[in-house]
Protein chains: 4
Amino acid sequence: MARSITMQQRIEFGDCDPAGIVWFPNYHRWLDAASRNYFIKCGLPPWRQTVVERGIVGTPIVSCNASFVCTASYDDVLTIETCIKEWRRKSFVQRHSVSRTTPGGDVQLVMRADEIRVFAMNDGERLRAIEVPADYIELCS
Amino acid sequence: MARSITMQQRIEFGDCDPAGIVWFPNYHRWLDAASRNYFIKCGLPPWRQTVVERGIVGTPIVSCNASFVCTASYDDVLTIETCIKEWRRKSFVQRHSVSRTTPGGDVQLVMRADEIRVFAMNDGERLRAIEVPADYIELCS
Amino acid sequence: MARSITMQQRIEFGDCDPAGIVWFPNYHRWLDAASRNYFIKCGLPPWRQTVVERGIVGTPIVSCNASFVCTASYDDVLTIETCIKEWRRKSFVQRHSVSRTTPGGDVQLVMRADEIRVFAMNDGERLRAIEVPADYIELCS
Amino acid sequence: MARSITMQQRIEFGDCDPAGIVWFPNYHRWLDAASRNYFIKCGLPPWRQTVVERGIVGTPIVSCNASFVCTASYDDVLTIETCIKEWRRKSFVQRHSVSRTTPGGDVQLVMRADEIRVFAMNDGERLRAIEVPADYIELCS
């Protein structure tokens, strides 16, 4: 069973566009926070520590497949549920489900996304994907 | 043949993260600018005018499928090439290819994305997808 | 005695720049959230309601005087304390103090700012400052 | 006579808020780009090079005094004129004037700001202001 971690994100006025709804790049901002929050909650240290200890600078994104289901606006509080759907040798699939609770108490799916990410080292000039560290998989189980 | 529109986007220091590369949500910011730029260049009026004349508030995103191929950093100038890959009855697929030219003169693909979007009206409480206006398809041909 | 409202803001990886510290425009993002949070907590309705009921679209900024005292980085949790320093006839001075608690338990001032803002109506083409509504001053006392 | 450098910044839909005007933190984003653009145009190398050669990570902001004169919206093209108003021993005052040209051809001041910044080195744990390098002052004359 994949471990699931949840965080909440309040939508601000400035997160919304002239149509009055969340300007969608902000969702990717929040997914990135949720991605890192997942690892922090599982016990991985912050990247500023892993870069010193193991050369790992973070988990850059390789691809993203996102669906936007319904709109949200400021004062909505989003719930972002994150899990690792699949570990591969040099990458992993992180799944996020973003929902809001309506004033009436219903839970609505707002958007969802599968992100493929890698653990990366700084190889002088460029970033290089490394094999997913076994101890990280262990921590996230 | 799909019409293709190109714009350039300079990367700023603040667009990059502590790993020194573009923080990826910024790509979605630039794709949104490229999406609207496409329609402006094809002759569609700005949304502030279409909302008054036809109730159309813009082209909210329905899904996005993005691949990140290589990293970029500040002072890189990105070229974003945008076209409509497919018109459907109530949506359309907009394709973006983002590249940079290396100091040596090579063109590198940085990322690409297919966005599905709709033309939307404000139906009182919520946004509603409308049939893609025939005159808009005409303008984009 | 000026009423003071406090909110917390977690700093994310993507809020930081290649120097590893908060990219300063993000502070203004958070101050704007704190400004609105102040009024919400005092009982003012969201702008989407005031625009319908009284034509008030929000509190655009007229000037800002900010000092940046020490740096902060991702995983720091900022405390933003906000009060109204002065009500004028058509504007008000909102003061924000942003601090962090060090691992050792000390409270450090990170930045502070005085913002002058107005309540604005949409006068057809442009925004126009109105007299500060007396009932809003009452709610904030 | 202070040297003045000009850049242009197009406003995008997503830079605007539900009131339809530029969400003001974005001005600080553009001022930061204008600040760095000033030094680049004067011949200073990018920070990724100065950090290696001289330990200089950039020009963090110490204070900002901004006035917002009139609103702007998407499709407006801003002109940002930047100069160094004053060199001090360990800091400098950078002045930005942001204007737009109306459809009728008038130039309107949109906002202006004086930023105090320092050249900073990374002193292990924290950033430390250094004396303004004499060769940088020379380049900017």
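Up top is the structure.
Below: a short report on this structure. (Residues numbered from 1 in each chain as written. Chains lettered and ligands numbered in written order. Predicted model: local features only at pLDDT ≥ 70, side-chain atom pairs only at ≥ 80, totals over all residues. Heavy atoms only, no water.)

**Comments concerning the interface of chain B and chain A**
If you look at the interface, chain B gives 21 residues, while chain A gives 21 residues. Across the interface of chain B and chain A, roughly 1800 Å² is buried in total on both sides, 67% from carbon and sulfur atoms. In this assembly, chain B and chain A are joined by zero salt bridges. Summed over the shared surface of chain B and chain A, the number is six residue pairs in polar contact (both at pLDDT 80 or more). Elements that contribute at least two residues to the side of chain B that touches chain A include exactly α1 (25-42), β3 (61-68) and β6 (107-117) of chain B. For the side of chain B that touches chain A, the leading source of residues is β3(B), giving eight residues. Residues of the side of chain B that touches chain A, tallied by class, amount to twelve nonpolar, five polar and four charged. Note: strand β3 (residues 61-68) of chain A against β3(B), five bridges, orientation antiparallel. Bridge pairing links A:Ala66 to B:Cys64 in β3(B). (Contact = heavy atoms within 4.5 Å. Buried area = accessible area lost by both parts, 1.4 Å probe. Salt bridge = Lys/Arg side-chain N within 4 Å of Asp/Glu carboxyl O. Polar contact = N/O pair within 3.5 Å; in protein donor to acceptor, adjacent residues only side chain to side chain. Helix = DSSP H or I, 4+ residues; strand = E, 2+ residues; numbered from the N terminus. Nonpolar A, V, L, I, M, F, W, Y, C, P; charged D, E, K, R; others polar. Pairing = 2+ DSSP bridges.)

**Overview of the packing of aromatic side chains**
Applying the stated criterion across every chain, the model contains 48 aromatic pairs over all chains. Measuring from centroid to centroid gives 5.2 Å for C:Phe119 and C:Tyr136, while their planes differ by 55°, and the two rings are tilted. Within this pair, whereas C:Phe119 is found in the loop between β6 (107-117) and β7 (120-123), its partner C:Tyr136 is found in helix α3 (residues 134-139), the two being separated by 17 residues in sequence. Following the ring pairs from residue to residue traces out a cluster consisting of A:Tyr38, A:Phe39, A:Trp47, A:Trp87, A:Phe92, A:Phe119 and A:Tyr136. One Lys or Arg, C:Arg48, reaches over the ring of A:Tyr74 and ends 4.0 Å from the middle of that ring. (Phe/Tyr/Trp six-rings, centres within 6.5 Å; stacked < 30°, edge-to-face > 60°. Lys NZ or Arg CZ within 6 Å of the ring centre and 35° of its normal.)

**Things to note about the relation of the copies chain B and chain A**
Of the transformation superimposing chain B on chain A, the axial component is 0.0 Å and the angular component is 180°, with the fit at an RMSD of 0.0 Å. Both copies are brought into coincidence by an operation consistent with a two-fold rotation axis. Taking the C-alpha atom as reference, chain B places B:Asn65 closest to the rotation axis, 2.3 Å from it. A share of 100% of the interface residues of chain B reappears at the interface of chain A, consistent with the copies meeting face to face through the same patch. (Least-squares fit on C-alpha atoms with pLDDT ≥ 70 in both.)

**A word on the packing of helix α1 (residues 25-42) of chain A against α1(B)**
Packing of α1(A) against α1(B) leaves a shortest axis separation of 8 Å and a crossing angle of 175°. One way to sum up the angle between α1(A) and α1(B) is to call them roughly antiparallel. Contacts between α1(A) and α1(B) pair A:Pro25, A:His28 and A:Arg29 from the former with B:Pro25, B:His28 and B:Arg29 from the latter. For the contact of α1(A) with α1(B), a count of residues per class yields two nonpolar, two polar and two charged. (Axes fitted to C-alpha atoms, helices over the stretch in contact; angles between N-to-C directions. Parallel < 35°, antiparallel > 145°, perpendicular 65-115°, else oblique.)

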